[in-house]
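Reading the structure
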Amino acid sequence: MAERNEVDQFDDADIIRNGDTVIIQLETKKQQAVTVHDGEVLQTTFGALPHSYLIGRPFGCKVLTMNGRGYVHALRLTPELWTVNLPHRTQIIYAHDISMIVTLLELQPGKIVVESGTGSGSLSHALARAVKPTGHLFTYEFHEERARTARQEFDSHGIGEHVTVTFNDVLKNGYYLENIADAVVLDLPMSEKAICHAKKVLKNDRGRLCSFSPCIEQAQQTCATLHAQGFYGKVIVRFIVHRVFHLTTGFCFKVVMYSLSVCRNCAHWLWVVILRSTM
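I will try to describe carefully the structure that is included in this document. Treat the numbers as computed from the prediction; the structure is a model and nothing was measured. (Residues numbered from 1 in each chain as written. Predicted model: local features only at pLDDT ≥ 70, side-chain atom pairs only at ≥ 80, totals over all residues. Heavy atoms only, no water.)

Before going further, it helps to examine the overall build of the protein chain. Looking only at helices and strands, the protein chain features seven helices and 14 strands. Burial statistics for the protein chain: of 279 residues in total, 49% are counted as buried. Partitioning the contacts of the protein chain with sequence separation of at least 6, the portion at a separation of at least 24 is 59%. (Helix = DSSP H or I, 4+ residues; strand = E, 2+ residues; numbered from the N terminus. Buried < 20%, exposed > 50% of the residue type's maximum accessible area, 1.4 Å probe, protein only. Contact = heavy atoms within 4.5 Å.)

Here it is, written out as structure tokens:
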């Protein structure tokens, strides 16, 4: 039996091991995240699938069920697939927004990122992947149980050494860190109240800040506070999701459009990326 050790599932695992988290592709639009434990059985619409059928098999393989009447595909865990299949403890940020955040924050291996609002860990997984193996993610969550669960998931997925989870209310207590971060991400209610703390944790000579806001009023408050705190380079990004029906295939596709202008009357979610002043 292939036993699991602390190997990063995103990059290093070639075969499925006991204890791995695997994404089971059941149907075209149906997936399920499963933690593999020898002796357990997954019940599917195609029949029973013992976890032992998965252990030792390569990621991406097709696995027949016990009755031989159906099969599933066992996919490697990625941040994108985890976002789709994770257990929701809070509202989450999805892949098309995460990609823009990672790009505009200019994240790369070796960077230090501080995140406020771990939540369900959707964005956290992508941030950790972007900065590892030499960088680090410090993520803060004010809800103790959510912080504990997120820490367990990071360890289970093999990225625990790249992520530090702290149970703390950033709005009240700050980060307990100073002059360390290349980027700060705020996904909080009243995120403007955390900007003074974010300024302390960002490196003195450079740094970027992203605030994900649910409405234009909060974005405006955030911009005003950033200006008062000496930040510059404010960019408000609006995203609009259009659904396009393909007449030939019958599938419905999502087309994401980004607008880099300040929106005065907008019902869509907004987020702001700001380059910190070097003054």
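Across all of its chains, the model carries one aromatic pair by this definition. Aromatic side chains tyrosine 140 and tyrosine 175 sit 5.1 Å apart centroid to centroid with 75° between the ring planes, which places their arrangement in the edge-to-face category. On the criterion of sequence distance, the pair formed by tyrosine 140 in strand S8 (residues 136-141) and tyrosine 175 in the loop between helix H5 (170-173) and strand S10 (183-186) is long-range, its members being 35 residues apart. Of note, lysine 62 hangs over the ring of tyrosine 71, and the distance from its end group to the ring centre comes to 4.6 Å. (Phe/Tyr/Trp six-rings, centres within 6.5 Å; stacked < 30°, edge-to-face > 60°. Lys NZ or Arg CZ within 6 Å of the ring centre and 35° of its normal.)

Next up on the list: the nonpolar core. By size, the foremost hydrophobic cluster in this structure holds 24 residues, and its most contacted members are Leu105, Leu107, Val113 and Leu127. Listing elements by their share of this core, those giving two or more residues are helix H2 (95-104), helix H3 (122-131), helix H4 (144-156), strand S9 (163-167), S10 and strand S11 (208-213). Top element by residues in this core is H3. It accounts for six residues. (Core = buried A, V, L, I, M, F, W, Y, C linked by side-chain atoms within 4.5 Å.)

Here we come to H4. The end-to-end C-alpha distance of H4, which contains 13 residues, comes to 18 Å, matching closely the 18 Å that a straight helix rising 1.5 Å per residue would cover. Among all positions of H4, only Arg146, Ala147, Thr149, Ala150, Glu153 and Phe154 are buried. Angularly, the buried residues of H4 cover 165° about the axis, an arc narrow enough to put them on a single face. If you follow the buried residues of H4, they end up packed against helix H1 (79-85), H3, S8 and S9. Count one or two residues on from H4 and you reach glycine 158, which has phi positive near 80°. (Expected span 1.5 Å × (residues − 1). Arc of directions from axis to C-beta.)

This part is about H2. Residues Asp97, Ile98, Met100, Ile101 and Val102 constitute the buried set of H2. Two residues or fewer past H2, glutamate 106 is found with a positive phi of approximately 55°.

Let us look at the sheet that holds strand S2 (residues 30-35). What the four strands build is an open sheet, ordered S2-S1-S6-S5; its pairing is antiparallel. If you trace the sheet from one side to the other, it starts and ends with S2 and strand S5 (62-64), each paired once. In this sheet, neighbouring strand axes are inclined to one another by 35° on average, regardless of whether the strands run parallel or antiparallel. (Pairing = 2+ DSSP bridges. Axes fitted to C-alpha atoms, helices over the stretch in contact; angles between N-to-C directions.)

Moving on, we come to the pattern of salt bridges. Tallied over the full model, the rule gives eight salt bridges. With a shortest N-O distance of 3.4 Å, glutamate 106 and arginine 208 are connected by a salt bridge. Here arginine 208 lies in strand S11 and glutamate 106 lies in the loop between H2 and strand S7 (112-116), a separation of 102 residues in the sequence. Residue arginine 208 is classed as partly exposed on the basis of its relative accessible area of 21%. Lysine 203 is the salt-bridge partner of aspartate 182, the closest N and O atoms lying 3.0 Å from each other. (Salt bridge = Lys/Arg side-chain N within 4 Å of Asp/Glu carboxyl O.)

Geometry only, nothing functional implied.
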